[in-house]
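# Residue-level structural notes
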Amino acid sequence: MNKCLAIYDSDMTFASGLMEYFNRRRDLDFEYFSFSEEEYLLEFLSKKEVEVLLLGEGVSLDEEIAKNKIRYIYLLAERPKENAMTEHPTIFKYQAAASIVSQVISEYNKNNNDMAGIKSGKLEIISIYTPLADIIKYYYALSLSYSYTERKKVLWIPFDLFSTNFLLGEEIASHSLSEFIYYLKESNPNISLKEKELTRYYDGLAYLSGLTHGLDLISLTGEDVNHWLQLMRRSSYYDTVVFYLGIYTDATVEILRQSDYVYIISKEGFYEQRVLNEWERQMEFLGLKMDQDRYHKIKLPIDMVLDGKIGTLEDLKKHPIWKMASCELNHP
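Below you will find a few notes about this structure. Because the structure is predicted, anything quoted here is derived from the model rather than measured.

Rules of the game
- Residues numbered from 1 in each chain as written.
- Predicted model: local features only at pLDDT ≥ 70, side-chain atom pairs only at ≥ 80, totals over all residues.
- Heavy atoms only, no water.
- Salt bridge = Lys/Arg side-chain N within 4 Å of Asp/Glu carboxyl O.
- Helix = DSSP H or I, 4+ residues; strand = E, 2+ residues; numbered from the N terminus.
- Buried < 20%, exposed > 50% of the residue type's maximum accessible area, 1.4 Å probe, protein only.
- Pairing = 2+ DSSP bridges.
- Right-handed = clockwise from strand over helix to strand, strands pointing away.
- Expected span 1.5 Å × (residues − 1).
- Contact = heavy atoms within 4.5 Å.
- Core = buried A, V, L, I, M, F, W, Y, C linked by side-chain atoms within 4.5 Å.
- Axes fitted to C-alpha atoms, helices over the stretch in contact; angles between N-to-C directions.
- Phe/Tyr/Trp six-rings, centres within 6.5 Å; stacked < 30°, edge-to-face > 60°.

So, on to the pattern of salt bridges. Counted according to the given criterion, the structure contains 14 salt bridges. Residues Lys137 and Glu272 are paired through a salt bridge, measuring 2.3 Å at the closest nitrogen-oxygen approach. Of the two residues, Lys137 is situated in helix 5 (residues 135-148) and Glu272 in helix 11 (residues 270-285); the sequence distance between them amounts to 135 residues. As far as burial versus exposure is concerned, Lys137 and Glu272 are alike and both buried. The closest approach of N and O atoms between Glu278 and Arg281, which form a salt bridge, is 2.7 Å. Residue Glu278 and its partner Arg281 are located together in helix 11, separated by three residues, close to a single helical turn. Accessibility expressed as a relative area gives 33% for Glu278, which makes it partly exposed. Where salt bridges share partners, they join Asp134, Lys137, Lys267 and Glu272 into one cluster.

Before going further, it helps to examine the pairing of strand 3 (residues 50-56). Here strand 3 lies mainly inside the structure; seven of its seven residues are buried. As paired elements, strand 1 (residues 3-8) and strand 3 share four bridges and run parallel to each other. By the bridge assignment, Tyr8 is partnered in strand 3 with Leu55. The pairing of strand 3 with strand 4 (residues 70-77) spans six bridges and is parallel. Within strand 4, the residue paired with Gly56 across the bridge is Leu76. Crossover strand 3 to strand 4 through helix 3 (residues 63-69) is right-handed.

Right, let's talk about helix 9 (residues 222-235) for a bit. The terminal C-alpha atoms of helix 9, which comprises 14 residues, lie 20 Å apart, in line with the 20 Å expected from a rise of 1.5 Å per residue. Residues of helix 9 that are buried include every one of Gly222, Asp224, Val225, Trp228, Leu229, Leu231 and Met232, and no others. Against the buried residues of helix 9 lie strand 6 (124-129), strand 7 (154-159), helix 6 (176-185), helix 7 (191-198), strand 10 (240-245) and helix 10 (250-258).

What follows is about the nonpolar core. Counting residues in each nonpolar core, the largest one holds 62 residues, and the members touching the most others are Leu54, Ile157, Phe159, Trp228 and Phe243. For this core, the element with the highest residue contribution is helix 1 (residues 12-24), accounting for six residues.

Turning next to the sheet that holds strand 8 (residues 200-202). Within the open sheet, the seven strands sit side by side as 8-9-7-10-6-11-12. Their pairing is mixed. Because the sheet does not close on itself, it has two edges, and the strands there are strand 8 and strand 12 (295-300). With strand direction ignored, the average angle separating the axes of adjacent strands in the sheet is 25°.

Under the defined criterion, the tally for this structure stands at 18 aromatic pairs. Aromatic side chains Phe159 and Phe243 sit 5.7 Å apart centroid to centroid with 90° between the ring planes, which places their arrangement in the edge-to-face category. On the criterion of sequence distance, the pair formed by Phe159 in strand 7 and Phe243 in strand 10 is long-range, its members being 84 residues apart. Relative accessible area serves as the criterion here: at 1%, Phe159 is assigned to the buried category. Ring geometry for Trp228 versus Phe243: centroids 5.8 Å apart, planes at 90°, classification edge-to-face.

This is the structure in structure tokens:
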């Protein structure tokens, strides 16, 4: 039976509406319930345990019962409370439902990762690289990365100068990757803990993304990346780390050099093929030949376009590019 997620808020309209949104997300492994009065919640808790409770401000809750019957409590704050010192994680109530869900799942997965034990085996590094970045290739990379979560613990890291995470429920972009780069370049001894702290989640997909400025990403050197990858291999919780490389720098070359598997994405067409050929020439000059087994070239149709608005990951799942990416999960 699925775990229970309950919403307890004095505003019945809000609680019911948020529960309806959760119910529409068929990919989440919960049953959903909403309450606006304590007596009904306590009656429910007398029969069932709650995995996650979203608790509104100003409502009462018996602490002893909560301790015994509720595993995680997240507070729904009526005003943004950044860096607030509270017993439970705080989530701003008056934002889009998709953003609330993203934060809830992020907090929940962080808590569960603390208790989940050791990753299943050797860390696999996968790169998805394109010489000419565009929205279709970005969506393909995200689709492929998400598909890996069906069988592995996955961390997705997009190297994208103008990162936008609206598909992952972030209306306001975080600056997590920039903050991590700062700690990495300072050789912070607690860098693995910092990575975990900054990681966010969408369903089963963990991701580290968001830049204060694109120059933060360009500042990464091959030496920085080598240090980062060595730390990952020693202490990562994940089975697979997937880098989407939408830029070509010393750092991305080092990631390509150390990747166990590399997807090279391009579109059909004369100009793009010439650019790809030149990139391959430069890579061979650096000692990386594209004819090795770990390189896999993917040609997307030149006429593949976005036929309609894609505003969420759920929208993307209905696009042909999602099915195309899912079919690629067959490498050794």
